[in-house]
Amino acid sequence: EGSLSGFVCTFLDYHQRWGAYLDNLHVQPDRYGRGIGALLLSCAGRWVTNQRPESPMYLWVFEKNVKALRFYLRLEGKVAGRKMFDNPGGGQASALRIEWKQPTILS
């Protein structure tokens, strides 16, 4: 339709052990439920696998972001760690590290 529906940003070799880092995955709210997020995640996984066949892929998701957490778990992501992040306005928030040991599973 000539407008941006979403985007994904992934960095190869971001962490020595955890592999490629999926830094951003966003879909326009009025386009939720159309499979765009799953397609973007699949493209990221395919790109990582094409560039580094043995590399895992991971991301951080705030634990209170239940909708996003369910989305990643439904797409075979596994909870692999927890970390507290400082909020820009003060305080802290708990985030979970979600990983795909073999991002090809997303394709």
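Going by the structure above, here's the rest.
Residues numbered from 1 in each chain as written. Predicted model: local features only at pLDDT ≥ 70, side-chain atom pairs only at ≥ 80, totals over all residues. Heavy atoms only, no water.

## Looking at helix α1 (residues 36-51)
Taking 1.5 Å of rise per residue, 16 residues should cover 22 Å, and α1 covers 22 Å from first to last C-alpha, within 8% of that figure. All buried positions along α1 are accounted for by Ile 36, Gly 37, Leu 40, Leu 41, Ser 42, Ala 44, Gly 45, Val 48 and Thr 49. Those residues of α1 that are buried are in contact with β1 (6-15), β2 (19-27), β3 (57-62), α2 (66-74) and β5 (92-100). (Helix = DSSP H or I, 4+ residues; strand = E, 2+ residues; numbered from the N terminus. Expected span 1.5 Å × (residues − 1). Buried < 20%, exposed > 50% of the residue type's maximum accessible area, 1.4 Å probe, protein only. Contact = heavy atoms within 4.5 Å.)

## Some points on the packing of aromatic side chains
In the structure shown here, the tally under the stated rule is nine aromatic pairs. Pairing Phe 11 with Tyr 14 gives two aromatic rings, centres 5.9 Å apart and planes at 40°, and the pair type is tilted. A centroid spacing of 5.5 Å and a plane angle of 75° characterise the contact between Trp 60 and Phe 85, whose relative ring orientation is edge-to-face. Highlighted residues: Trp 60 in strand β3 and Phe 85 in strand β4 (residues 78-86), separated in sequence by 25 residues. Residue Phe 85 is classed as partly exposed on the basis of its relative accessible area of 25%. Chaining the aromatic ring pairs together yields one cluster made of Phe 11, Tyr 14, Trp 18, Tyr 21, Tyr 58, Trp 60, Phe 62 and Phe 85. A cation over a ring is seen here: Lys 83 above Trp 60, with NZ or CZ 5.7 Å from the ring centre. Directly above the ring of Trp 18 sits Arg 97, whose terminal nitrogen or CZ lies 3.8 Å from the centroid. (Phe/Tyr/Trp six-rings, centres within 6.5 Å; stacked < 30°, edge-to-face > 60°. Lys NZ or Arg CZ within 6 Å of the ring centre and 35° of its normal.)

## Some details on α2
Those residues of α2 not exposed but buried are Ala 68, Leu 69, Phe 71 and Tyr 72. Angular distribution of buried residues about the axis of α2 spans 160°; they occupy a single face of the element. Counted as exposed and oriented over 90 degrees from the buried face of α2: Lys 67, Arg 70 and Arg 74. Next to the buried residues of α2 lie β2, α1, β3 and β5. Glu 76 lies just past α2 and shows a positive phi near 70°. (Arc of directions from axis to C-beta.)

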